[in-house]
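# Descriptive structure summary
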Amino acid sequence: MGPLLRTVELFYDVLSPYSWLGFEVLCRYQNIWNINLQLRPSLIGGIMKDSGNKPPGLLPRKGQYMANDIKLLRHHFQIPIQFPKDFFSVIIEKGSLSAMRFLTAVSLEHPEMLEKASRELWMRVWSRVKFSSEIPIQYHAAAEKAGMSAEQAQGLLEKISTPKVKNQLKETTEAACRYGAFGLPITVAHVDGQTHMIFGSDRMELLAFLLGKLKIQH
Amino acid sequence: MGPLLRTVELFYDVLSPYSWLGFEVLCRYQNIWNINLQLRPSLIGGIMKDSGNKPPGLLPRKGQYMANDIKLLRHHFQIPIQFPKDFFSVIIEKGSLSAMRFLTAVSLEHPEMLEKASRELWMRVWSRVSVGLWESSGRTFDDFLTFPRNVFRVMILPSPLPQRIYCPPVTPLSFDEDITQPQSILAAAEKAGMSAEQAQGLLEKISTPKVKNQLKETTEAACRYGAFGLPITVAHVDGQTHMIFGSDRMELLAFLLGEKWMGPVPPAVNARL
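This one's a predicted model, so the numbers in the text were calculated from it and none came from an experiment.

## Let's talk about the overall build of chain A
When you go through chain A residue by residue, the secondary structure sums to 10 helices and four strands. What you see in chain A, going N to C, is helices and strands ordered as β-α-β-α-α-α-α-α-α-α-α-β-β-α. In chain A, once contacts between residues fewer than 6 apart in sequence are set aside, the share between residues at least 24 apart is 71%. Put simply, chain A shows about 9900 Å² of open surface, and 52% of that area lies on carbon and sulfur atoms.

Set out below in structure tokens:
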């Protein structure tokens, strides 16, 4: 429990609303807890395929529940998240391959910009507050909003279809699968030689417990 | 938020581990928060069928995750929950129809016993501590909470978990117990404090139309609230109804009720220690 910095990896995809919630909570806590937060852009489609799972929203009652759930969590988590009007065409059909390759390029070339760039993409898919619709995503605009120069943004866009970036995204997604992922987000905490994989955005209190941040009440 | 008592319904099935976790948390908070907790025994199999969903444990990676998850939550929630040795046979094949009909009968005839009776059935399926050393010592779930910490120091799991965790001894002889046979249900009922006559009387009511229909209606009510699994918690607040799925949204429930969340083991419970 002492001053040792523990690594916490977050595997996420901007297609996943709960990934955004988990992301923001961990970003808030990275400066409060003694953790080294490592952001890992991944492909949720690849994880679904590899695990045999299906997007929960495809089951009608689950989709209905998620829509309500997101409405409530918006207020509880204070994140401007909203279900896109055309959820299926946006989320399921179009997918997130380019977006996650873009973030992978950012993670390789300008890792210090990864947090902001990820947030900008989530804002475009999951927050109608600012954007009427931005699919396909205007990466230049997102990158510049995240603080990159026009040249930096252009450079990154050119790298999206290079083998290096494609392979990195593939490897990160496979790493998530090896940790046991059947969806996203997953948070992997490395604590005292042990590895704990936690699924979802609603287990952050358990994460705190594992990190020794919570004391047993007496 | 004012002195108004808000109704919180918990729909659950003893086959569902997360139902047990949600149940214990709500039981702990019912005396802290200004709520009227209504327990609703339901049939998870019926909900799965009606919603087109499937038990998560059937997907290998989800089953693996659940096994680990339960191990961690045992300590975080301080509930002696453990995966049955033969998960598939106990949970998927044998089911819970008789057990949930029994609890339905309890809810109709002796509602004040429903909490304890439910707990005893969960203990049989989801807790190895109900057999062997633990059982022969005559200890109950309440004792688990009140045991002096010294007794368990040697039983504590190694770090990284905090040192002061109560972890009841698990004997090599322990095994999860059946809940489908009449004798099993009677044993649970007596453990919950019912007399042999009361228990027998309730058991006889299991196959009456009244009890069968009540279980069916409760399960359908859960479906109408949008359930695709269990547990679901339905909070009635200021004329609005909120359905929350799972045992990991209790903090959100607190937020909706305008109450304070103090973790899965609130201090009032530990005041007994």
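After presenting the structure, the write-up continues.
## Some points on the pairing of strand 2 (residues 35–41) of chain B
Residue and element names in this part refer to chain B. Of the two faces of strand 2, the one lined by Ile35, Leu37, Leu39 and Pro41 is fully buried and the one lined by Asn36, Gln38 and Arg40 carries no buried residue. With seven bridges connecting them, strand 1 (residues 6–12) and strand 2 associate as parallel partners. The residue of strand 2 that forms the bridge with leucine 10 is leucine 39. Regarding the hand of the β-α-β motif, the stretch spanning strand 1, helix 1 (residues 17–29) and strand 2 is right-handed.

## Quick notes on the interface of chain B and chain A
The interface of chain B with chain A comprises 45 residues on the first partner and 36 residues on the second. Buried area between chain B and chain A, summed over both chains or domains, comes out near 3700 Å², and the portion from carbon and sulfur atoms is 60%. The interface formed by chain B and chain A includes six salt bridges. Among the salt bridges present, the one from A:Arg61 reaches B:Asp50, with a minimum N-O distance of 2.4 Å. The interface formed by chain B and chain A holds 11 residue pairs in polar contact (both at pLDDT 80 or more) in total. Counting residues per element, the ones that place at least two in the side of chain B that touches chain A are helix 2 (44–51), helix 3 (60–77), strand 4 (240–245), helix 13 (250–257) and helix 14 (267–270) of chain B. Among the elements that make up the side of chain B that touches chain A, the one with the highest residue count is helix 3 of chain B (eight residues).

## Digging into the confidence of the model for chain A
The predicted model of chain A has a mean per-residue pLDDT of 90, with 89% of residues at 70 or higher. Within chain A, helix 4 (residues 87–94) of chain A has the poorest average pLDDT of any element, 69, and helix 9 (residues 163–178) of chain A the best, 98.

## What to know about the nonpolar core
Core analysis: the largest hydrophobic core is formed by 155 residues, its most contacted members being A:Phe102, A:Leu103, A:Leu121, B:Phe102, B:Leu103 and B:Met194. The element contributing the most residues to this core is helix 1 of chain B, with eight residues. Setting aside residues up to four positions removed in sequence, B:Met194 forms contacts with B:Phe102, B:Val106, B:Met113, B:Ala117, B:Ala189, B:Ala199 and B:Leu202.

## Things to note about the sheet that holds strand 2 of chain B
Strand-to-strand pairing in sheets goes through backbone hydrogen bonds, with the strands running parallel or antiparallel. Residue and element names in this part refer to chain B. Reading across the sheet, the four strands line up as 2-1-3-4 and stay open at both edges, with mixed pairing between neighbours. One side of each edge strand has no neighbouring strand; the edge strands of this open sheet are strand 2 and strand 4. Across this sheet, the average inter-strand angle for adjacent strands is 20°, counted without regard to direction. Sheet topology places strand 1 next to strand 3 (residues 232–237); four bridges connect them, and they run antiparallel. Residue pairing for strand 3: leucine 10 is matched across the bridge by threonine 233. Together, strand 1, strand 2 and strand 3 form the strand contacts of helix 1, whose direction differs from that of strand 1 by roughly 155°.

## Quick look at the side chain of A:Asn53
Along the chain, the position of A:Asn53 falls in the loop between helix 2 (44–51) and helix 3 (60–77). Note on A:Asn53: relative accessible area 16%, which makes it buried. Other than its neighbours up to four places away in sequence, A:Asn53 contacts A:Met48, A:Phe182, B:Leu59 and B:Lys62.

## Overview of the packing of helix 2 of chain A against helix 9 of chain A
Residue and element names in this part refer to chain A. Contact geometry for helix 2 and helix 9: axes closest at 9 Å, N-to-C directions at 45°. Between helix 2 and helix 9, the angle is such that the two are oblique. Between helix 2 and helix 9 lies a crossing whose hand is right-handed. Touching Gly46, Ile47 and Asp50 of helix 2 are Thr173, Ala176 and Cys177, all from helix 9. By residue class, the composition of the contact of helix 2 with helix 9 is three nonpolar, two polar and one charged.

## Some remarks on the pattern of salt bridges
For the structure on display, the rule yields 20 salt bridges over all chains. A salt bridge links B:Asp69 to A:Arg203, with the nearest nitrogen and oxygen atoms 2.5 Å apart. Of this pair, B:Asp69 sits in helix 3 while A:Arg203 is found in the loop between strand 4 (194–199) and helix 10 (204–210), placing the two residues in two different chains. Residues participating in the shared-partner salt-bridge network are A:Glu24, A:Glu115 and A:Arg119.

## Some words on the environment of B:Phe11
With respect to the helices and strands, B:Phe11 occurs in strand 1. Residue B:Phe11 is classed as buried on the basis of its relative accessible area, which comes to 1%.

## Description of the environment of B:Met194
Mapped onto the elements, B:Met194 comes out in the loop between helix 10 (182–191) and helix 11 (196–205). When the C-alpha positions of B:Met194 and B:Gln82 are compared, they lie 26 Å apart, and in sequence the two are 112 residues distant.

Rules of the game
- Residues numbered from 1 in each chain as written.
- Chains lettered and ligands numbered in written order.
- Predicted model: local features only at pLDDT ≥ 70, side-chain atom pairs only at ≥ 80, totals over all residues.
- Heavy atoms only, no water.
- Helix = DSSP H or I, 4+ residues; strand = E, 2+ residues; numbered from the N terminus.
- Contact = heavy atoms within 4.5 Å.
- Areas by Shrake-Rupley, 256 points an atom, 1.4 Å probe, with all protein chains shown as cover.
- Buried < 20%, exposed > 50% of the residue type's maximum accessible area, 1.4 Å probe, protein only.
- Pairing = 2+ DSSP bridges.
- Right-handed = clockwise from strand over helix to strand, strands pointing away.
- Buried area = accessible area lost by both parts, 1.4 Å probe.
- Salt bridge = Lys/Arg side-chain N within 4 Å of Asp/Glu carboxyl O.
- Polar contact = N/O pair within 3.5 Å; in protein donor to acceptor, adjacent residues only side chain to side chain.
- pLDDT = per-residue confidence, 0-100.
- Core = buried A, V, L, I, M, F, W, Y, C linked by side-chain atoms within 4.5 Å.
- Axes fitted to C-alpha atoms, helices over the stretch in contact; angles between N-to-C directions.
- Parallel < 35°, antiparallel > 145°, perpendicular 65-115°, else oblique.
- Left-handed = near helix turned anticlockwise from the far one by under 90°.
- Nonpolar A, V, L, I, M, F, W, Y, C, P; charged D, E, K, R; others polar.

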